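Remarks on the overall topology
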Amino acid sequence: MEFDADDRLVHQTLAGDLKAYGALVDRYRKRVYNLAYRMLGDRERAEDATQEAFIRAYRGLRSYRPSARFASWLFSTTSHVCIDHLRRRPFAAVSIDEPGVRPATAEGIDADPPAAYGRTETQAQVHHALGRLPDTQRLAIALVHLQGLSYEDAAEVMGCPVGTVKSHAHRARTTLKRLLTPQFQECVP
Amino acid sequence: MTCRRVRAELNRYLDGDLSDERRRGVREHLAACVACAREWEQLRGVAAMLEGLSEVEAPARLTESVLDAVGRERIAEAPRQQALTGLALAGVGLVLSTAIVVSLAGWGPLDLSGWGAWAASLAAAGAKQVAVAAEVAGPVLNALARGRSGPLVWLLAADVAALMAVLAGARRLLSVKRLRGLTNMLAM
């Protein structure tokens, strides 16, 4: 249903309805921004990349085929934009005090400040650790674990075989395990 | 299964990618090996931490800024589209009127092999548009002034107008560098 709605909005945009494109941007703004944020490391760059991704997508909208899913097509454009940004400047380490790393709660303010700080610290550590991964591994993790895509959809976004995406994700998780749990235990036979 | 083998399979175990037999083997090993069970818990913990990462809020102004940028592109694109359409129409007019003039003037069948060079010279003339226009339009205006306004002259005048439109359109659409490239290509 969502994909039909996307295709209808794409069709309307191609017919010259700019409001339809605004609806598409509204629909995917948060997901694209989060993908860019985890890929690039800070909110300012994520905002630039998100804007660039939507502008590039608009320019290339005629090349979009409804047989592909709009979300995959848009994420693919976003990942290309992020890789271009990373070529110019690598992942930027984010401060723990940056608002983006604070967990959101329903009330907006966490009822248990020490616990919230602990969660925030953990989130910042994970975010930092993501920044130490190679770009392709970070992209695989961002698509599968953060965007919730299947390996098949992630492969479509990354333009590579499913096995390659799995390999990137497995290596990334192994690296993250090492980075986040430094006390590596020897196996007892 | 050995510890090495089990650890190599843990990621696929996490993804639910193993066959029933292998999955059972890993499960039994994890139940018996404390160190591998710890490895497994750490890996599960990493996956849980990743999935527990909070989403960040996207700035609301993003939609507006994207639409502003896209709107500017559309405005910039419109004159280019008009110029392209005008250029195409003028080009068609130029070809047709030239063919009629050539046939009416009795200059014989067209030598198509020479059209590449003709087109090259036409493109090269873009930079000297004004001079070319004056040179070509002069005799036509003289003929009109002398009252020799036969169909040939009018067609010549239409031809000149079409030529001017093509050159103006080409100059608008193509940079000097691209025009030179086109000239070289046609001259080959």
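Anything mentioned here points back to the structure above.
What counts as what
Residues numbered from 1 in each chain as written. Chains lettered and ligands numbered in written order. Predicted model: local features only at pLDDT ≥ 70, side-chain atom pairs only at ≥ 80, totals over all residues. Core = buried A, V, L, I, M, F, W, Y, C linked by C-beta atoms within 7 Å. Buried ≥ 20, exposed ≤ 12 C-beta atoms within 10 Å, placed from the backbone. Contact = placed C-beta atoms within 7 Å. Axes fitted to C-alpha atoms, helices over the stretch in contact; angles between N-to-C directions. Helix = DSSP H or I, 4+ residues; strand = E, 2+ residues; numbered from the N terminus. Left-handed = near helix turned anticlockwise from the far one by under 90°. Nonpolar A, V, L, I, M, F, W, Y, C, P; charged D, E, K, R; others polar. Expected span 1.5 Å × (residues − 1). Arc of directions from axis to C-beta.

A few points about the nonpolar core
The tendency in soluble globular proteins is for nonpolar side chains to be buried side by side. Counting 61 residues, the largest nonpolar core has A:Ala36, A:Ala140, A:Ile141, A:Leu143 and A:Ala154 as its most contacted members. Discounting residues that sit within four places of it in the chain, A:Ala140 has contacts with A:Ala154, A:Met158, A:Val165, A:His168, A:Ala169 and A:Ala172. Grouped together as the second largest cluster of nonpolar side chains are six residues, B:Leu94, B:Leu163, B:Val166 and B:Leu167 included.

Some remarks on the packing of helix H1 (residues 3–15) of chain B against helix H2 (residues 20–32) of chain B
Residue and element names in this part refer to chain B. For the pair H1 and H2, the least separation of the axes is 10 Å and the interaxial angle reads 115°. Considering only the axes of H1 and H2, their crossing is left-handed. Listed contacts from H2 to Val6, Glu9 and Tyr13 of H1 are Arg22, Arg23, Val26 and His29. Looking at the contact of H1 with H2, its residues break down into three nonpolar, one polar and three charged.

Examining the environment of A:Leu130
Residue and element names in this part refer to chain A. Within the secondary structure, Leu130 is located in helix H5 (residues 113–131). When the C-alpha positions of Leu130 and Arg173 are compared, they lie 9.7 Å apart, and in sequence the two are 43 residues distant. Not counting residues up to four positions away in its chain, the partners in contact with Leu130 are Arg38, Arg138 and Ile141.

As for the interface of chain B and chain A
Contacts between chain B and chain A engage 28 residues on the former and 38 residues on the latter. Among the secondary structure elements, those contributing two or more residues to the side of chain B that touches chain A are H1, helix H3 (34–51) and helix H4 (61–104) of chain B. In terms of residue count, H3(B) provides more of the side of chain B that touches chain A than any other element does, eleven residues in total. In terms of residue class, the side of chain B that touches chain A is built from 19 nonpolar, six polar and three charged.

Observations concerning the environment of A:Pro161
All names here are of chain A. Counting through the fold element by element, Pro161 comes out in the loop between helix H7 (151–158) and helix H8 (162–180). Residue class for Pro161 comes out exposed when judged on the 11 C-beta atoms lying within 10 Å of it. Considered as a pair, Pro161 and Tyr151 are ten residues apart in the sequence and their alpha carbons are 9.4 Å apart.

Details of H3(B)
Residues and elements named next belong to chain B. In this model H3 runs 26 Å from its N-terminal to its C-terminal C-alpha over 18 residues, within 8% of the 26 Å that 1.5 Å per residue would give. Looking only at H3, the buried set comprises Cys36, Glu39, Trp40, Gln42, Leu43, Val46 and Leu50. Around the axis of H3, the buried residues are gathered within 160° of arc, so they sit on the same side. For H3, the exposed residues lying more than 90 degrees away from the buried face are Val34, Glu41, Ala48 and Glu51.

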